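# Analysis of the macromolecular model
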Amino acid sequence: GKELLVAIGKEADDISSVVLVPAGATDGFDKSRCVLKVVEELGPLAKIASQGALAIVPEEIRDTIYDTVAENRYNFMGKRDECRCTDPKYSKRFLL
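Residues numbered from 1 in each chain as written. Predicted model: local features only at pLDDT ≥ 70, side-chain atom pairs only at ≥ 80, totals over all residues. Heavy atoms only, no water.

Counting its secondary structure elements, the chain contains five helices and two strands. Mapped from its N terminus to its C terminus, the chain presents α and β elements in the order α-β-β-α-α-α-α. What you see for the chain is a C-alpha radius of gyration of 16 Å, clearly larger than the 12 Å of a compact globule of 96 residues, by over 25%. Projecting the C-alpha coordinates of the chain onto the three principal axes gives extents of approximately 40 × 35 × 30 Å. Scored against the burial criterion, the 96 residues of the chain give a buried share of 19%. (Helix = DSSP H or I, 4+ residues; strand = E, 2+ residues; numbered from the N terminus. Rg over C-alpha atoms; globule rule 2.2 N^0.38 Å. Buried < 20%, exposed > 50% of the residue type's maximum accessible area, 1.4 Å probe, protein only.)

Below you can see the structure in the form of structure tokens.
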């Protein structure tokens, strides 16, 4: 994992962002590029939207939006003291 972080230009102990490393890859995607890569997997329309955002919106702006959402995620979605996987309402969303 640390070698992959260094391969994409991060410090080996950097845990400041989510990183996506596709199976068999030697490098990966972080911040907004990671989110857009995940969105691509949601279907053909999502893939078109993701590729459009990648082509139109500069990386600096995309990453600023990513950082803003990351810093305010608890304000947007709330925070819980325990994992929702034990809540029967959400249990089917988790693989245990």
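Right, picking up where we left off after that structure.
Structurally, Glu40 can be placed in helix α2 (residues 31–40). When sequence neighbours within four positions are dropped, the list of residues in contact with Glu40 reads Lys47, Ser50 and Gln51. (Contact = heavy atoms within 4.5 Å.)

A word on the pattern of salt bridges. As enumerated under the stated definition, the model contains two salt bridges in all. A salt bridge links Asp67 to Lys31; the nearest nitrogen and oxygen atoms lie 3.0 Å apart. Taken together, the residues Asp67 in helix α4 (residues 59–71) and Lys31 in helix α2 connect sequence positions 36 residues apart. For Asp67, a relative accessible area of 25% corresponds to the partly exposed category. A salt bridge links Lys37 to Glu40, with the nearest nitrogen and oxygen atoms 3.8 Å apart. (Salt bridge = Lys/Arg side-chain N within 4 Å of Asp/Glu carboxyl O.)

This brings us to the packing of α2 against α4. Helix packing geometry: the angle between the two helix axes and the distance between the axes. As a packed pair, α2 and α4 sit with axes 7 Å apart at the nearest point and diverge in direction by 85°. The orientation of α2 with respect to α4, classified from their angle, is roughly perpendicular. Every residue of α4 that contacts α2 at Lys31, Ser32, Arg33, Val35 and Leu36 is listed here: Glu59, Arg62, Asp63, Tyr66 and Asp67. Taken together, the residues of the contact of α2 with α4 break down into three nonpolar, one polar and six charged. (Axes fitted to C-alpha atoms, helices over the stretch in contact; angles between N-to-C directions. Parallel < 35°, antiparallel > 145°, perpendicular 65-115°, else oblique. Nonpolar A, V, L, I, M, F, W, Y, C, P; charged D, E, K, R; others polar.)

None of this, on its own, says anything about what the molecule does.
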